[in-house]
Number of protein chains: 2
Amino acid sequence: MQVFDRHEVLDRKEIENLQAIRLKNTVHQATASTFYRNSLARASVKVPDINSHEDIARLPFTTKEDLREQYPFGFLAMPKEKMVRLHASSGTTGSPTVILHTQNDLNVWADLVARSMHCAGVRSSDVFQNMSGYGLFTGGLGIHYGAERLGCLTIPAGVGNSKRQIKMLGDYKVSVAHIIPSYALHLGSVFDDQGVDPRSMHLRIMLIGAEPHSEEIRSRIQEIYGVRAYNSYGLSEMNGPGVAFECEYQTGMHLWEDAYLAEIIDPETLEPVPQGQTGELVLTTLTREGMPILRYRTRDLTRFIPGECPCGRSHRRIDRITGRSDDMIVIKGVNIYPMQVEKILMSIPEVGQNYIIQLERQGHMDQMRVKVEIRDEFFVEDMRRLQQIQNKIAGLLREEILISPKIDLVEHNTLPQSQGKATRVVDKREEGK
Amino acid sequence: MQVFDRHEVLDRKEIENLQAIRLKNTVHQATASTFYRNSLARASVKVPDINSHEDIARLPFTTKEDLREQYPFGFLAMPKEKMVRLHASSGTTGSPTVILHTQNDLNVWADLVARSMHCAGVRSSDVFQNMSGYGLFTGGLGIHYGAERLGCLTIPAGVGNSKRQIKMLGDYKVSVAHIIPSYALHLGSVFDDQGVDPRSMHLRIMLIGAEPHSEEIRSRIQEIYGVRAYNSYGLSEMNGPGVAFECEYQTGMHLWEDAYLAEIIDPETLEPVPQGQTGELVLTTLTREGMPILRYRTRDLTRFIPGECPCGRSHRRIDRITGRSDDMIVIKGVNIYPMQVEKILMSIPEVGQNYIIQLERQGHMDQMRVKVEIRDEFFVEDMRRLQQIQNKIAGLLREEILISPKIDLVEHNTLPQSQGKATRVVDKREEGK
Ligand SMILES: [Zn+2]
Ligand SMILES: [Zn+2]
């Protein structure tokens, strides 16, 4: 059973001292890999140069392309025989990204996930249903090991089969669930179809992560299930879940600074953004021995939340991910992030649980079409009423994103429902060219 | 890293003494559960009565129906809060069977799987691809934890996506794979379709289990991949994989008698069969604390193999599972086990990698139809040649099972391919009634 971890309440100076020591160790460890031996030599960085957390700025960045080019084992800082776990991205295009772990790496990771879940109020007496894909995807095994470490009764439910998920939630009196936000909304409508009230379950906490989502989605999930929903952040290059997690105050995610050194940079200039401003999150592993990664460009956009958290944890909080530096849509010369669209849609009561942004080309003009599911009670035969809803959505979106997308209203459960991360943007502009 | 376990070479007397102590403990522990408190009282068995491994005969049997009736928690011998893992059968009909584990139970299970893999020649330096379904099914996580315990580089590949499985086998220089036998044959034909020789991989060992299969299937797998294939036995009620495993001599599966007390009974009389004869395997957990199970009727048919194994391990060996006491087919008054059909089919060189036994009714007559995939090189336009193959199969089957099934020859890859356990028998006799 996990208790409150003394590392959670180190003061700023202690964290920075620990980071300095661990950063030096990590750079030393990294030089054992083919990739970093070369890359650190090119950057003329030597281990004795690293004496403060601020010396991170001397190190070169690492990108997803670097990981791909070194596929599969060029980042290993220890012999392959010392590794006990391999995770890989699905790699639909090009080489997959491969991350390997020693037994010690897995232990540290499980501890971080256990700490994260504890931080969100999960306790060893909880019954925990893990609705994440197991296998090569890190969300499943990553959370699973942490939950067991914490001592929860862990149900490795995996993804899909919504009726069975609902049966398990009820039969086993599940109190905590880990679920992808878009799937949580979908599952809510399966509850409806079955005539079961999601609030009649024993759920008290939902851990939602693995895809960016708006505050409005969180509110909907809390409303549907009658739970507190906690935002989680992780990526497989940094192990997976357990990088940053919300505490009971839900005021941003504590990023575990004893395990990760975080920077927020301007993706163009690569310089740090001013304190509190949004930029690209860059992370360095501080405890990984098998495959350390320095200054990894996550492409995720966030900011540090200024000030102290009332919970007393000293680890700085990052804001929810507002998008990816590479998922910006440029349409009619305007920059738009999909999260801006979601935020508006999910604040409109008539809007159901699913939507898709479709980019099209008409002649030489780009155009955005937003397909929106409408709640059953509003999807009536009254064309005038539907027209009003359409106008309302179009108006609110125009205020936020400055262009006027086409709005298609569709019925509940008619848009494609993914069991993993939702596909929110479909770009059809290059079709038929 | 796992070393040769001293428990593997206990002499018979030591094993029996250990079993006596652990059986007494297990009965004591079991009385803490609702189910066994009642069932042991009804059988008038008290803990002080259990002083030898032979006292197992005093205990009542436990069946799958008992587990279902106590769904979900009636077998728990410790508070639910002490449990950290839940596994469940898919439960397509009726309640699922649920098995729960404490952290200590999981540790013991992982040790048994690590011992089993080591026994089959797997070492910590191996790269291990686990092609089992993860999640609620015990084959995935069960083998996974054991492989990590042993120190292998473990790839949680999961089921399906054959092209990706092949890419991983090659890219990561996988030396050991865990795979369902019917899927191993199917994957072999995907290799063929891709023009890749399975023998060009780095594979040296395949662990095959989770479905009964014949010696002929093992030979085919060894031939296709150029590996040694080791038979494994387990069932979720007894944790999952790690109950019995073959050693390098491939002369039956050592059943770990320090963890399971095994009996082989006549399924009709419920009395022990004479030494060396085939009957139903009955198992009692000897180390499980959260949910002990006494005299579980596995329905699996096997026998103890007489004599000593050349490897020096003292744990008795069971023969490959030849069927289930409830999967016997009765047709035209003759008793037939599907494994008899498989054995014959797989010994015929023209026969491909998949087959289905279909039971039909014509008027008042039952009839067996066997659909058999034929290797491409034999599936020619020459009707006379195909007729010869058909006659050969029919003749060999008649000799073994004493009736004459209809034989349908079909092309390679045309029968349904399951990614989990293969469905070998389809009973259409009750259709249209
Ligand atoms: Zn906090
Ligand atoms: Zn042996």
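Analysis parameters
- Residues numbered from 1 in each chain as written.
- Chains lettered and ligands numbered in written order.
- Predicted model: local features only at pLDDT ≥ 70, side-chain atom pairs only at ≥ 80, totals over all residues.
- Heavy atoms only, no water.
- Donors = N, O, S within 2.8 Å, 3.2 Å for Na, K, Ca; no water.
- Tetrahedral: all angles 85-135°; square planar, octahedral: opposite > 155°, others 65-115°.
- Helix = DSSP H or I, 4+ residues; strand = E, 2+ residues; numbered from the N terminus.
- Buried < 20%, exposed > 50% of the residue type's maximum accessible area, 1.4 Å probe, protein only.
- Least-squares fit on C-alpha atoms with pLDDT ≥ 70 in both.
- Contact = heavy atoms within 4.5 Å.
- Buried area = accessible area lost by both parts, 1.4 Å probe.
- Salt bridge = Lys/Arg side-chain N within 4 Å of Asp/Glu carboxyl O.
- Polar contact = N/O pair within 3.5 Å; in protein donor to acceptor, adjacent residues only side chain to side chain.
- Nonpolar A, V, L, I, M, F, W, Y, C, P; charged D, E, K, R; others polar.
- Domains from an automatic or database assignment.
- Core = buried A, V, L, I, M, F, W, Y, C linked by side-chain atoms within 4.5 Å.

1. Some thoughts on the coordination of the zinc ion (ligand 1)
Residue and element names in this part refer to chain A. Every protein donor of the zinc ion (ligand 1) is accounted for by Cys247 (SG), His254 (NE2), Cys309 (SG) and Cys311 (SG), and the metal-donor separations fall at 2.1 to 2.3 Å. Around the zinc ion (ligand 1), the four donor atoms are arranged such that angles at the metal cover 100 to 118°; this shape is classified as tetrahedral. The sequence pattern describing where the donors of the zinc ion (ligand 1) fall on their chain is C-x6-H-x54-C-x1-C. Here Cys247, found in the loop between strand E8 (240-246) and strand E9 (253-255), pairs with Cys309, found in the loop between strand E13 (304-305) and strand E14 (317-318); they are 62 residues apart in sequence, far enough to count as distant. You can call Cys247 buried: its relative accessible area is 0%.

2. Concerning the relation of the copies chain B and chain A
Placing chain B over chain A gives an RMSD of 0.0 Å and needs a rotation angle of 180°, together with 0.0 Å of translation along the axis. The transformation relating the two chain copies, once decomposed into turn and shift, fits a two-fold axis. Residues of chain B ranked by C-alpha distance from the rotation axis are headed by Tyr134(B), positioned 2.9 Å from it.

3. Description of the coordination of the zinc ion (ligand 2)
Residues and elements named next belong to chain B. For the zinc ion (ligand 2), the protein coordination sphere consists of Cys247 (SG), His254 (NE2), Cys309 (SG) and Cys311 (SG), at 2.1 to 2.3 Å. Considering all four donor atoms around the zinc ion (ligand 2), the spread of angles at the metal, 99 to 117°, places the coordination shape in the tetrahedral class. Coordination of the zinc ion (ligand 2) draws on donor residues from a single chain, spaced C-x6-H-x54-C-x1-C in sequence. For the pair Cys247 and His254, a shared accessibility class is recorded, and that class is buried.

4. Some details on the interface of chain B and chain A
Each partner contributes residues to the interface: chain B has 41 residues there, and chain A has 41 residues. The largest contributions to the chain B side of the interface with chain A come from Glu148(B), Leu153(B) and Tyr172(B), which together make up 21% of the buried area. Run the count over chain B and chain A and you get two salt bridges. For the interface between chain B and chain A, the tally reads 16 residue pairs in polar contact (both at pLDDT 80 or more). Broken down by secondary-structure element, the contributors of at least two residues to the side of chain B that touches chain A are strand E1 (83-88), strand E2 (98-102), helix H4 (103-119), helix H5 (138-150), strand E4 (153-155) and helix H6 (162-171) of chain B. The element contributing the most residues to the side of chain B that touches chain A is E1(B), with six residues. Taken together, the residues that form the side of chain B that touches chain A break down as 23 nonpolar, ten polar and eight charged.

5. A closer look at the domain arrangement of chain A
Size of an interface: often given as the accessible area lost when the parts come together. Residue and element names in this part refer to chain A. Here chain A is described as being made up of domain 1 (1-326) and domain 2 (329-432). Computed over C-alpha atoms only, the centres of domain 1 and domain 2 are separated by 30 Å. Each side of the interface is counted separately: domain 1 has 23 residues, and domain 2 has 21 residues. When domain 1 packs against domain 2, close to 1,800 Å² is buried across both sides, 53% of that on carbon and sulfur atoms. Interface area lost by domain 1 to domain 2 is led by His186, Glu216 and Arg220, which between them contribute 29%. Counting every contact that joins domain 1 to domain 2 gives six residue pairs in polar contact (both at pLDDT 80 or more).

6. Overview of the nonpolar core
Tyr233(A), Leu283(A), Tyr172(B), Tyr225(B), Met368(B) and Ile393(B) are the most contacted members of the largest nonpolar core, which totals 106 residues. Dropping the residues within four chain positions of it, Met368(B) is found in contact with Ile329(B), Ile331(B), Ile336(B), Ile357(B), Gln358(B), Leu359(B), Ile401(B), Ile403(B), Pro405(B) and Lys406(B). If you look at the next biggest cluster of nonpolar residues, it comprises 104 residues, including Ile357(A), Leu23(B), Ala244(B) and Leu255(B).

7. Digging into the pattern of salt bridges
When the charged atoms of two side chains with opposite charge come close together, those side chains can pair. This model, assessed by the stated rule, comprises 50 salt bridges over all chains. Where Glu350(B) meets Arg385(B), a salt bridge forms, and the shortest distance between an N and an O atom there is 3.5 Å. Residue Glu350(B) is located in the loop between helix H9 (338-346) and strand E18 (351-362), and its partner Arg385(B) is located in helix H10 (residues 383-401); the two are separated by 35 residues in the primary sequence. The class for Glu350(B) is buried, based on a relative accessible area of 8%. Look at Arg385(B) and you get partly exposed, because its relative accessible area is 27%. Salt bridges here are not isolated pairs; linked through shared partners, they connect Glu215(A), Arg218(A), Glu246(A) and Arg320(A).

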